[in-house]
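Architecture and fold: a report
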Amino acid sequence: MPHTPRWICVLSVAPFMAAIAQAAPQIMPIDEVRVGMKGYGLSVFQGTRIEPFAVEVVSVTRNFFLGLGSGGVKRGAIWIRCPDGRMSQLGPVQGMSGSPIYLWRDDEIHELGRGGDLIGAFAFGFLGSKQCYVGVQPIEQMIDVASRTDSKQDKTTSQSAASTLQTIMNICDSQGLPRHNTWRNAALAQLVTATGSEHESHQQTAVPTTLIGLAEGKVVPMLLPLALRSPDLADALQPLLNRSSVKLVAASSTLAGTPPAWINRESASLQPGSVLSIPLAYGDMELSASGTVTHITDAGDILAFGHAMEGQGPQTLPIASGYVHFVMPAQSGSFKVGGSIDLMGGLVRDENSAVVGRHDGKYETATMTISTDVLEQTPEAYQFQLVKHERFTALAAAICAAESMMAVQRLPSDNTVRLNGKLRFAGDRVLEINQQMPYGSPIAVGFALMGPIAALTQNAHEQIMLESVELETSVTDTVQLAVILGARLDHDELAPGETLGMTIRLQQVNHPPIDKRLELTIPPNVPEGKLKLTITDGPTYIRKLLANRSHLRLTTNGDELFATTKRIMEARDDMLYVLL
């Protein structure tokens, strides 16, 4: 992906693409579609070349409900069968979302890739079926979405910080991540739940259709594949995307931030059947979800996918031309592996029936710089642009950090990961990162960034957007971790202003116990009586702080939320805390 947007629409096309491209196709309304009609669809199976595939109508339905991403009262669907040899082998392919479907009328010559009227977009289907049956989103329902692109409706916030943080903690538990590496996110989850409980009760939803087992025979939208290098990372992070139609898949395309040499980038444009890519991060690594362009309206609006990406109306994500490495056949659902070529504008609308993009669509990005120093490896530095988005910024930052940590080699089992840096947010707000992670892992590093970003961008008060990330990471093959075995006080009676000495016995991993001497001056204004002394670590200190000072948890505005988030992030992993 280029670092600088190119607001262009390349008009030159490859010969085969030119042969099947259609200017202003006729529209066939759903009421005119009949069972048995034949036609074709257009999609990219490799490179940027748009190819046709045969289709046949098997049914037309009304009041079609899909749940996530399509359907509803007075919403129809057209069901087609794909007898094409490739489709019979692959089944419905994730990444074909939006592939335009054309039907021939009785008086037309049936020539694959020519003629026909547009009926809609390849959009949903029965994954795992023995034959390729697909649901088509009617084109008139997609055009209806474009009619609202100029509305004055503001982009709404889902206020989903509590849901995101709780999902992160669930993933941490399922991955067996030690609590001494995840306690800040646990504290942030407590903070945003207390802050936004009255706003976020509506966020608890049933398991989305996309996660229902294939054996249940559910109809699902064709998901938008987003490739990660690590299958473990893809599986772990998928729950964070269950409210969207993005599907994390394991592939290696993210290792390169630019298209491979065999891709002719000048042949790629946004036209019916071409790849429509949604870059969430780009630079030294690319993260992009991809689908297909369905139709270009007379006004120049780009209709795609045939279902929602998020389905919340106004949208501000970049769009790009794209390519396909290959289609990966899989019993759980075949998917395209590809990437982005040139930035072409932005999404402006996202509803159940379609997404709408424009060449003048606006979006913003935040910069991310991460340097890694892993054992004997040569230190590396990586740079990215993260899309500014309520839900996707935090996820993109986490993925970029995790992938950077394991770009060269896996971390040793016995290790300590150290993080130092800054998260800069709108309004000159800065969070310092100074963390130590014994038995650290790439996903724990990712969550160290994701937690505070999600807490601030998705909170119930104010959307505090990320501006930049500056992170230095280092990994050693020793475990810097100790437990408190006990403590001994020099005295148990003191007067205000006197100094209390104490000896703490610590047990470090793979080392003999050691004694640590500390002193605490008793404040001169302490009243006479019994006091409780606690010697503990950073996580317990923060937990007690939030429990005993309710005003820190029950924030009423963005500034208060940021201040408490800052206190949580500034607590140290490598210090003893003495609480009186």
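Residues numbered from 1 in each chain as written. Predicted model: local features only at pLDDT ≥ 70, side-chain atom pairs only at ≥ 80, totals over all residues. Heavy atoms only, no water.

Some points on the packing of helix H7 (residues 392-405) against helix H8 (residues 442-457)
Two elements in contact, H7 and H8, have axes separated by 8 Å at closest approach and are oriented at 160°. Classified by the interaxial angle, the pair formed by H7 and H8 is roughly antiparallel. Judged by the sense of rotation from one axis to the other, the crossing of H7 with H8 is right-handed. Where H7 approaches H8, its residues Thr393, Ala394, Leu395, Ala397, Ala398, Ala401, Ala402 and Met405 are matched on the opposing element by Pro442, Ile443, Val445, Gly446, Leu449, Met450, Ile453 and Ala454. In terms of residue class, the contact of H7 with H8 is made up of 14 nonpolar, two polar and no charged. (Axes fitted to C-alpha atoms, helices over the stretch in contact; angles between N-to-C directions. Helix = DSSP H or I, 4+ residues; strand = E, 2+ residues; numbered from the N terminus. Parallel < 35°, antiparallel > 145°, perpendicular 65-115°, else oblique. Left-handed = near helix turned anticlockwise from the far one by under 90°. Contact = heavy atoms within 4.5 Å. Nonpolar A, V, L, I, M, F, W, Y, C, P; charged D, E, K, R; others polar.)

What to know about the pairing of strand E18 (residues 380-387)
In the sheet, strand E10 (residues 275-283) pairs with E18 via three bridges, with the strands oriented antiparallel. Bridging from a neighbouring strand, Tyr282 pairs with Gln385 of E18. Hairpin connection, strand E17 (residues 365-374) to E18: the antiparallel pair is bridged by five residues, and Leu375 has positive phi, about 50°. (Pairing = 2+ DSSP bridges.)

Some details on the sheet that holds strand E23 (residues 499-508)
In spatial order, the strands read E22-E23-E24; together these three strands make up an open sheet with antiparallel pairing. A single partner strand is all that each edge strand has here, and the edge strands are strand E22 (482-489) and strand E24 (514-521). Ignoring which end each strand starts from, the neighbouring axes of this sheet average 30° apart. As judged from the eight bridges shared by E23 and E24, these two strands associate in the antiparallel manner. What sits directly across from Thr503, in E24, is Arg517.

Topic: the packing of helix H4 (residues 161-174) against H8
Between H4 and H8, the shortest axis-to-axis distance is 9 Å and the interhelical angle comes to 165°. Between H4 and H8, the angle falls in the class roughly antiparallel. Here the hand of the crossing between H4 and H8 comes out left-handed. Judged by residue contacts, Ala161, Thr164, Leu165, Ile168, Ile171 and Cys172 of H4 engage Ile443, Phe447, Met450, Gly451, Ala454 and Ala455 from H8. For the contact of H4 with H8, the residue count by class is ten nonpolar, two polar and no charged.

Structural notes on the pairing of strand E11 (residues 287-296)
Taking burial as the measure, the ten residues of E11 include nine buried ones, the bulk of the element. Here E10 pairs with E11 via six bridges, running antiparallel. The partner of Leu276 across the bridge, within E11, is Gly291. Hairpin connection between E10 and E11: a loop of three residues separates the two successive antiparallel strands. Pairing of E11 with strand E12 (residues 302-304) involves three bridges; the strand directions are antiparallel. Of the residues in E12, the one forming a bridge with His295 is Leu303. Count of turn residues in the E11/E12 antiparallel hairpin: five residues, of which Gly300 carries a positive phi of about 90°. (Buried < 20%, exposed > 50% of the residue type's maximum accessible area, 1.4 Å probe, protein only.)

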